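# Chains, contacts and geometry: an overview
Below are the chains, spelled out letter by letter.
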Amino acid sequence: MTVDVEDYFHVSVFDGLVPRHSWEGMESRVCANTERLLRIFSDSGIFATFFVLGWVAERFPWLVQRIAAEGHEIASHGYGHRLVYDLTPRAFREDVRRAKSLLEQASGARVDGYRAPSYSVTPRSLWALDVLIEEGYRYDASIFPIHHDRYGIPISPRLPYRLDRGAALVEAPASTIRYGPFNLPIGGGGYFRILPYAWTRWGMRRLNEVEKAPAIFYLHPWEIDPGQPRLAAPPLGRFRHYFNLQRTESRLRTLIRDFRFSTMRALLETFGPPLDVEPVMGALPYVW
Ligand SMILES: [Zn+2]
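Residues numbered from 1 in each chain as written. Predicted model: local features only at pLDDT ≥ 70, side-chain atom pairs only at ≥ 80, totals over all residues. Heavy atoms only, no water.

### What about the nonpolar core?
Inside soluble globular proteins, nonpolar side chains tend to come together where they are buried. Formed by 74 residues in total, the largest nonpolar core has its most connected members in Met-1, Phe-41, Val-52, Leu-252 and Leu-255. Ignoring anything within four residues of it in the chain, the contact list for Leu-252 reads Met-1, Leu-37, Ile-40, Phe-41, Phe-192, Phe-217 and Leu-219. Phe-51, Val-170, Ala-172 and Leu-268 belong to the second-largest nonpolar core, a separate cluster that totals ten residues. (Core = buried A, V, L, I, M, F, W, Y, C linked by side-chain atoms within 4.5 Å. Buried < 20%, exposed > 50% of the residue type's maximum accessible area, 1.4 Å probe, protein only. Contact = heavy atoms within 4.5 Å.)

### Comments concerning helix H7 (residues 197–209)
Spanning 13 residues, H7 covers 18 Å between terminal C-alpha atoms, matching the ideal 18 Å at 1.5 Å per step. Tucked into the core, H7 has its buried residues touching strand E8 (176–179), helix H6 (189–194) and helix H9 (245–258). (Helix = DSSP H or I, 4+ residues; strand = E, 2+ residues; numbered from the N terminus. Expected span 1.5 Å × (residues − 1).)

### Remarks on a nonpolar patch on the surface
Nonpolar side chains collect at one region of the surface, where Leu-236, Phe-239 and Phe-243 lie side by side and expose about 270 Å² of accessible area between them. Along the chain, the position of Phe-243 falls in the loop between helix H8 (235–242) and H9. Under the relative-accessibility criterion, Phe-243 is labelled partly exposed at 35%. (Patch = residues over 30% accessible without salt bridge, like charges linked within 9 Å, V, L, I, M, F, W, Y side chains within 5 Å. Areas by Shrake-Rupley, 256 points an atom, 1.4 Å probe, with all protein chains shown as cover. Salt bridge = Lys/Arg side-chain N within 4 Å of Asp/Glu carboxyl O.)

### Some remarks on the pattern of salt bridges
Throughout the structure, instances matching the rule amount to 20 salt bridges. A salt bridge links Glu-249 to Arg-36; the shortest N-O distance between them is 2.3 Å. Of this pair, Glu-249 sits in helix H9 while Arg-36 sits in helix H1 (residues 30–44), and the two are 213 residues apart along the sequence. A residue is classified by how much of its surface remains accessible, and Arg-36, at 24% relative accessible area, is partly exposed. With a shortest N-O distance of 2.9 Å, Arg-66 and Glu-70 are connected by a salt bridge. Since its relative accessible area comes to 32%, Arg-66 is described here as partly exposed. Given a relative accessible area of 26%, Glu-70 falls into the partly exposed group. The network of salt bridges with common partners includes Glu-24, Glu-58, Arg-59 and Arg-98.

### Side note on the pairing of strand E7 (residues 167–171)
Bridge analysis of strand E5 (residues 139–140) against E7 gives two bridges, and the strand direction is parallel. For Asp-140, the partnering residue across the bridge sits in E7 and is Glu-171. Here strand E6 (residues 161–165) folds back onto E7, and the loop between the two strands holds one residue, one of which, Gly-166, carries a positive phi near 90°. (Pairing = 2+ DSSP bridges.)

### Side note on the packing of H1 against helix H3 (residues 61–69)
For the pair H1 and H3, interaxial distance at closest approach is 11 Å and the crossing angle is 5°. If you check the angle between H1 and H3, you find them roughly parallel. Facing H1, whose interface residues are Val-30, Cys-31, Thr-34, Glu-35 and Leu-38, H3 presents Trp-62, Leu-63, Arg-66 and Ile-67. (Axes fitted to C-alpha atoms, helices over the stretch in contact; angles between N-to-C directions. Parallel < 35°, antiparallel > 145°, perpendicular 65-115°, else oblique.)

### Side note on the pairing of strand E1 (residues 2–5)
Burial of E1 is two-sided: the residues Thr-2 and Asp-4 facing one way and the residues Val-3 and Val-5 facing the other way are all buried. Relative to strand E2 (residues 49–52), E1 runs parallel, the two being bridged by four bridges. Across the sheet, the residue bridging to Asp-4 is Phe-51, located in E2. Sheet topology places E1 next to strand E10 (residues 218–219); two bridges connect them, and they run parallel. The residue of E10 that forms the bridge with Thr-2 is Tyr-218.

### Remarks on the packing of aromatic side chains
According to the stated counting rule, one finds 20 aromatic pairs in the structure shown. Plain terms: the ring middles of Phe-239 and Phe-243 are 5.0 Å apart, the flat faces sit at 40° to each other, and that makes the pair tilted. Judged by relative accessible area, Phe-239 falls into the partly exposed class, the value being 37%. Cluster of aromatic residues (ring-pair linked, three or more members): Tyr-119, Phe-144, Tyr-151, Tyr-191 and Tyr-218. Here Arg-98 stacks its cationic end above the ring of Tyr-79, 3.7 Å away from the centre of that ring. The ring of Tyr-137 carries the charged tip of Lys-100 above its face, separated from the ring centre by 5.7 Å. (Phe/Tyr/Trp six-rings, centres within 6.5 Å; stacked < 30°, edge-to-face > 60°. Lys NZ or Arg CZ within 6 Å of the ring centre and 35° of its normal.)

### A word on the side chain of His-81
Among the structural elements, His-81 can be located in the loop between strand E3 (73–76) and helix H4 (89–107). A polar atom in the side chain of His-81 sits 2.9 Å from the side chain of Glu-6. In this view, His-81 contacts Glu-6, His-10, Val-11, Ser-12, Arg-20, Trp-23, Leu-53 and Pro-117; residues no more than four positions away in its chain are not counted. (Polar contact = N/O pair within 3.5 Å; in protein donor to acceptor, adjacent residues only side chain to side chain.)

### Some details on the environment of Val-5
Relative to the helices and strands, Val-5 resides in strand E1. Along the chain, Val-5 and Cys-31 lie 26 residues apart, while their C-alpha atoms are 9.0 Å from each other. Setting aside its immediate chain neighbours within four residues, Val-5 contacts Val-30, Thr-34, Phe-50, Phe-51, Val-52, Leu-53, Val-56, Leu-63 and Pro-221.

This is how it looks when you write it as structure tokens:
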């Protein structure tokens, strides 16, 4: 179970509408919504990984402390929610370094994981993986192995794998199901809200039972907040952001009843390639 901790106005679909300099003046709802998620998780006794935006950690360090104190894993969603392929390597390095340092200070724990805003590690921004290794990250969850208008590397492996780029970095993609030549997303966000719940349940069961693999699920605190202010995005963006917000919390409770969940760190220790490994030459799934 993973959560990308950001406010509703950070979402990339609103980039042109809510300029960064106005973020400070927007009504913030991220703390209340994250606390609701914490309550849902503690009611059911599950632990999750929270990929927290550095911008949020800087303003609300107590929220990061609280998440960590409840036994969840703190990971990084970068600092300023900038799409990786729009950044230079130097700007990306500053962004992930600043986020890691803010999150480690606030939580008092080591931050191992990173997930890019809008899964923006694509064929144009694979250099980001080398920067993550150099900045001390040990796993990445930014490569979505699907076709999408804004992200995705459809030929990427679907299950967690280890990239050997001089040092090791584990890549842990959001879950998909293979259907003919396609990978179909089953693991969260808009796909969880917009498609019927039965799709997620079928896909995750298939992954667990047929492929004997864990599913990696993700959502955002704003997805359980139907009362959030409405912003005037283009129609497709509005649909992706606002559809079924009122149903998501009860769906999430059902999902948690139907499956068992844990943190990314626990998942990678149990099922994935180990995080503490020496680099193995020739282990590349493909050459970048
Ligand atoms: Zn995000």
